[in-house]
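# Geometric and topological summary
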Amino acid sequence: MTPNNDSICFALGMKDSNLIWMDYFYAFINLAKGTRKKLYPDIRKCRIYEFKLRNQLISCPNCHHRRLVKFGYSTVQTVFTTDDASHPVFLRIHKQRLRCKDCRRIFMAQSNVVRKYCHIANKVTMSFQDDRSLESIARDNTISPSTVLRYLDASRSIAPLYQRQLPTNLAMDEFRGVHRQLHFICIDNDHHRIQTILPDRFKRTIENYFLSFTPAERSRVKTISVDLNSYYQDIARRLFPHAEIIIDRFHIIAMMTRAFNQYRAQAMKQFPKTSRQYRLLKFSWQLYLKSATNLSYEHEYYDRHLRQKVTSGERVDLGLAIDDRLRADYQFLQNVMQNLKQRNLDQLTESLYPGTKLSPQMTAVLHTLRHNLMYVLNASRFDYSNGTIEGINRMIKQIQRTAFGFRNYNHLVYRIHFRQMAQKKNQAA
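Here's what I pulled together on the structure shown here.

## With respect to the packing of aromatic side chains
- Under the counting rule described, the total for this entry stands at eleven aromatic pairs.
- Summarising the aromatic geometry, the rings of Tyr231 and Tyr232 are spaced 5.2 Å apart at their centres and angled 75° between planes, so their arrangement reads as edge-to-face. The pair formed by Tyr231 and Tyr232 is uniform in burial state, with each residue classed as buried.
- Taken together through their ring pairs, the aromatic side chains of Phe184, Tyr209, Phe210, Phe213, Tyr231, Tyr232 and Phe240 make up a single cluster.

Shown next, in the form of structure tokens:
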């Protein structure tokens, strides 16, 4: 069965109705560039699809007369991207030319498959959505990495510098990017879209960005989710008068568990390494960080470090019995965790004023939480958090790991937006 024009265009993913398929065949082409063609030839078997491109002009674009006549064809060979990179694909397009009898100007047919004066199909830009390096994209598209970078630079419209409006719920954070520098990132906490990425996280840079919006636009912001970075709170208080500041729940718990582990290690080192107390505090430390409601007092298991059968609840109780401050830290940690989870504002406030003496590490955390008491309570009142922006930061780390780092800040921003575009498509599907 001979394929028709529609089936060939459908297989190649082309939607230009002016392209008329003529033939397809295999040919051996030297893919080396410049002087390498003679010194180091790269002759490979390629697939060639031959098309005729019609010119749909009715009147002359120069003098606007309609005395146009056919003036032959101009043949170009375009690199085309397909899923199978074993055989490079080329489009041999015969572009129809027209000449105006009045002004003698010649006009050549154009297609949306390839831009004017270019020999690489526009489909290359779709590869930027994948988690791949530029070398891999260049190899599969039979082009050079420098050409891939030029296409990436031409995609600057995907990351607009200025937005017209602000979302009603924001989340702010930073990530480490080009030259190990910290970049500021802000997202829409409702639709999980990136609002902006700034080249640094200096206070002046962040303020200048948000001051580009009108006071009425900034007053529409209702909530801002941040970590415990102090000047994020200063910016939110000064520039967003009606916004509620939310301390991220994950950062609250992480700060407390870090303080608990520091004191646990300090108490552990007071005993010899061969003692039972050392083994109680050294091993199975993950059980101390679990919620008390998830510990079992019925299911026994053999603990090879203690050489006896215990339950997970008994294992924690044995360790806490060694040090009274460690037990007080554990109780304080569990109370805050449970009240944050249950959204109990009164109990959460009471848990921040314990009657027992805590360790120096946990006391410092307690003073920080009391200093930001209203924002900590907002973490229990609202459903918003920094969970989405932390996921985006994880995606950014993966992009940088795949690319072996970035030296150009704009290239990193473009790849981030392309990658998020692909993830949105996967979620919609």
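Alright, that's what it looks like, and here's the rest.
## Here we look at unusual backbone geometry
- The phi angle at His192 is positive, at roughly 60°, despite the residue not being glycine.
- Although it is not a glycine, Ser284 sits at a positive phi angle of roughly 60°.
- Here Ser284 is to be found in the loop between α9 (276-282) and α10 (286-289).
- Classification of Ser284 by relative accessible area gives partly exposed; the value is 22%.

## Comments concerning the sheet that holds strand β8 (residues 194-198)
- Judged by pairing direction, the sheet is mixed, and its five strands sit side by side in the order β8-β7-β6-β9-β10 without closing on themselves. Because the sheet does not close on itself, it has two edges, and the strands there are β8 and β10 (244-247). The sheet shows a mean angle of 20° between the axes of neighbouring strands, direction not considered.
- Sheet analysis places strand β9 (residues 223-226) next to β10, joined by four bridges and oriented parallel. Bridged to Thr223 within β10 is Glu244.
- The sheet contacts of helix α5 (residues 203-211) involve β6 (169-176), β7 (182-188) and β8, and relative to β8 the element is tilted by about 140°.
- The strands touched by helix α7 (residues 230-239) within the sheet are β6, β7, β9 and β10, with β10 carrying the most contacts at an inclination of about 165°.

## As for the side chain of Thr311
- Examined against the element boundaries, Thr311 turns out to sit in strand β12 (residues 308-311).
- Among the residues examined, Thr311 registers a relative accessible area of 1% and is labelled buried.
- Within polar-contact distance, the side chain of Thr311 engages the backbone oxygen of Ser296 at 3.3 Å.
- Dropping the residues within four chain positions of it, Thr311 is found in contact with Ser296, Tyr297, Glu298, His299, Glu300 and Tyr301.

## Side note on the packing of helix α11 (residues 312-320) against helix α12 (residues 324-342)
- Between α11 and α12, the shortest axis-to-axis distance is 8 Å and the interhelical angle comes to 135°. As summarised for this structure, α11 and α12 are arranged oblique, according to the angle between their axes. Contacts between α11 and α12 pair Val316, Asp317, Gly319 and Leu320 from the former with Leu326, Arg327 and Tyr330 from the latter.
- Residues belonging to the contact of α11 with α12 are distributed by class as follows: four nonpolar, one polar and two charged.

## A word on the pairing of strand β4 (residues 89-100)
- When you tally the buried positions in β4, you get nine out of twelve residues, the bulk of the element.
- Pairing between strand β2 (residues 43-53) and β4: seven bridges, direction parallel. Each residue of the ladder has a partner; that of Ile48, found in β4, is Phe90.
- In this structure, strand β3 (residues 68-80) lies alongside β4, joined through eleven bridges in antiparallel fashion. Along β4, the bridge assignment pairs Thr78 with Leu91.
- In terms of strand pairing, β4 meets strand β5 (residues 106-108) through three bridges, oriented antiparallel. Within β5, the residue paired with Arg97 across the bridge is Met108.
- Hairpin connection from β4 to β5: five residues lie between these consecutive antiparallel strands, with Arg104 at a positive phi of about 65°.

Calculation rules
- Residues numbered from 1 in each chain as written.
- Predicted model: local features only at pLDDT ≥ 70, side-chain atom pairs only at ≥ 80, totals over all residues.
- Heavy atoms only, no water.
- Phe/Tyr/Trp six-rings, centres within 6.5 Å; stacked < 30°, edge-to-face > 60°.
- Buried < 20%, exposed > 50% of the residue type's maximum accessible area, 1.4 Å probe, protein only.
- Helix = DSSP H or I, 4+ residues; strand = E, 2+ residues; numbered from the N terminus.
- Pairing = 2+ DSSP bridges.
- Axes fitted to C-alpha atoms, helices over the stretch in contact; angles between N-to-C directions.
- Contact = heavy atoms within 4.5 Å.
- Polar contact = N/O pair within 3.5 Å; in protein donor to acceptor, adjacent residues only side chain to side chain.
- Parallel < 35°, antiparallel > 145°, perpendicular 65-115°, else oblique.
- Nonpolar A, V, L, I, M, F, W, Y, C, P; charged D, E, K, R; others polar.

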